[in-house]
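Descriptive structure summary
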Amino acid sequence: MPWTLLASMALGVWLMFTRLTLGTEGLLADADHLIGALALTVAVTATAEVARAIRFLNIPLGTALVITALVADATAVQTVADLAVGVVLVALSFPRGKIRRHYGDWSRFVV
């Protein structure tokens, strides 16, 4: 399993706990919870080699997290944390990881 997907999973789980770790509330807490769950789902799905291209769905999720952090009413620590996680989530979406097997006609979808 690529380390980038493991890191994306960890970020997704952490986002779902920002209410407890950072004390986020309101719009930012809701966005963290939703985007965290979706990022985790995307990363887990992308662990399958034939579905590796699905990791690119974390790019709009990271972008949405950055935008939400900028428009939501939050403390500086919460805003910086969400900005950092959003940027890192986007950056982790580009490396595909090592492909070990070939799946016939499905291999053309492994990007």
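Below, the structure is looked at part by part.

Criteria and cut-off values
Residues numbered from 1 in each chain as written. Predicted model: local features only at pLDDT ≥ 70, side-chain atom pairs only at ≥ 80, totals over all residues. Heavy atoms only, no water. Core = buried A, V, L, I, M, F, W, Y, C linked by side-chain atoms within 4.5 Å. Buried < 20%, exposed > 50% of the residue type's maximum accessible area, 1.4 Å probe, protein only. Helix = DSSP H or I, 4+ residues; strand = E, 2+ residues; numbered from the N terminus. Contact = heavy atoms within 4.5 Å. Salt bridge = Lys/Arg side-chain N within 4 Å of Asp/Glu carboxyl O. Expected span 1.5 Å × (residues − 1). Arc of directions from axis to C-beta.

**Section: the nonpolar core**
A general tendency of soluble globular proteins is for nonpolar side chains to be buried together. Leu11, Leu15, Ala31, Ile35, Ala39, Val42, Leu61, Leu65, Val85, Leu89 and Leu92 together form the largest nonpolar core, which totals eleven residues. Taken together, the elements giving at least two residues each to this core come down to helix 1 (3-16), helix 3 (26-45), helix 4 (58-71) and helix 5 (76-91). Looking at which element gives the most residues to this core, the answer is helix 3, with four residues. Beyond its immediate stretch of four places on either side in the chain, leucine 92 contacts Trp3, Thr4, Ala7, Ser8 and Leu11.

**Examining the pattern of salt bridges**
Considering all chains together, one arrives at one salt bridge under this definition. Put simply, aspartate 30 and arginine 19 hold a salt bridge, and the shortest N to O gap is 2.6 Å. Here aspartate 30, found in helix 3, pairs with arginine 19, found in helix 2 (residues 18-21); they are eleven residues apart in sequence, far enough to count as distant. By relative accessible area, which is 46% here, aspartate 30 ends up partly exposed.

**Focus on helix 5**
The first and last C-alpha atoms of helix 5 sit 22 Å apart over 16 residues, in line with the 22 Å expected at 1.5 Å per residue. Gln78, Thr79, Ala81, Asp82, Val85, Gly86 and Leu89 are the residues of helix 5 that are buried. One side of helix 5 carries all its buried residues, which in axial view fall inside an arc of 165 degrees. Residues Ala76, Val77, Val80 and Val87 are exposed on helix 5 and point more than 90 degrees away from its buried face.

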